[in-house]
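A look at the structure
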Amino acid sequence: MKLSALMLSLLCIASLPALAQSHSDSRRNLDGSMDVRHSDGSSSRITRDLSKRVIAEHSNGSRSVTTTDLSGRKRTTYSDGSYSDTTTDLSGRIITQYSNGARSTSTRVLSGRWRTEYSDGSHSISVQDLSGNWRTTASGGMAARHPERGFGKKR
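The following refers to the structure shown.

The rules behind these values
- Residues numbered from 1 in each chain as written.
- Predicted model: local features only at pLDDT ≥ 70, side-chain atom pairs only at ≥ 80, totals over all residues.
- Heavy atoms only, no water.
- Helix = DSSP H or I, 4+ residues; strand = E, 2+ residues; numbered from the N terminus.
- Buried < 20%, exposed > 50% of the residue type's maximum accessible area, 1.4 Å probe, protein only.
- Pairing = 2+ DSSP bridges.
- Axes fitted to C-alpha atoms, helices over the stretch in contact; angles between N-to-C directions.
- Core = buried A, V, L, I, M, F, W, Y, C linked by side-chain atoms within 4.5 Å.

1. Focus: the overall build of the chain
Across its full length, the chain carries 1 helix and 12 strands. Secondary structure elements of the chain, listed N to C terminal, follow the sequence α-β-β-β-β-β-β-β-β-β-β-β-β. Counting across all 155 residues of the chain, residues that qualify as buried make up 45%.

The structure is reproduced here in structure tokens:
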């Protein structure tokens, strides 16, 4: 199954660190954009421009831009100067390498359900409902630190 860049952005979305699990809910709009609400009260909007770039704008003022090259590799650049590269392997796993050395792997575990595991041992689960909306629940750690907003340049 080939994932859209909007879905790829959504797989990265989780909530701020908390002792309990946190979550995010997405809703696709009629114009094709997607709104994401986080359990900490923050929000994100994901759109695609005429150049087919995926732009995520967040309520804290940060943004990211995802482009796809001819080989299908996706590069996301964040407003804090960090970046990530995402590829899909032959088994359909989505692998993201972050510029700070971290890594995540997203695997489809059931129909409409994805599990993303991060290199710090945290994870998130994204579940799609019958309307096509998504809920992402994060366990903590990197999964719960808004990796979609950037994470600072590697020192």
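2. So, the sheet that holds strand β4 (residues 54–58)
An order of β1-β2-β3-β4-β5-β6-β7-β8-β9-β10-β11-β12 is seen for the 12 strands of this closed barrel, with the pairing classed as antiparallel. In this sheet, adjacent strand axes meet at a mean angle of 20° when their direction is disregarded. Here 5 bridges tie strand β10 (residues 113–118) to strand β11 (residues 123–128), and the two strands are oriented antiparallel to one another. If you follow Glu117 over to β11, its bridge partner there is His123.

3. Some thoughts on the nonpolar core
Residues Tyr78, Tyr98, Ala102, Tyr118, Ala138, Met142, Ala143 and Ala144 constitute the largest nonpolar core, which totals 8 residues. Membership of the second largest hydrophobic core comes to 5 residues, among which are Met34, Val36, Ile46 and Ala56.

4. Remarks on unusual backbone geometry
Among all residues except glycine, the phi angle is most often negative; among peptide bonds, the trans geometry is most common. Positioned with a positive phi, Lys52 is a non-glycine residue whose angle comes to about 65°. By secondary structure assignment, the location of Lys52 is in the loop between β3 (43–48) and β4. Looking at Lys52, the relative accessible area reads 63%, which means it is exposed.

5. What about the environment of Val36?
Of note, Val36 is situated in strand β2 (residues 34–38). Look at Val36 and you get buried, because its relative accessible area is 0%. On a C-alpha basis, the gap between Val36 and Asn133 in space is 9.7 Å, while along the polypeptide they are 97 residues apart.

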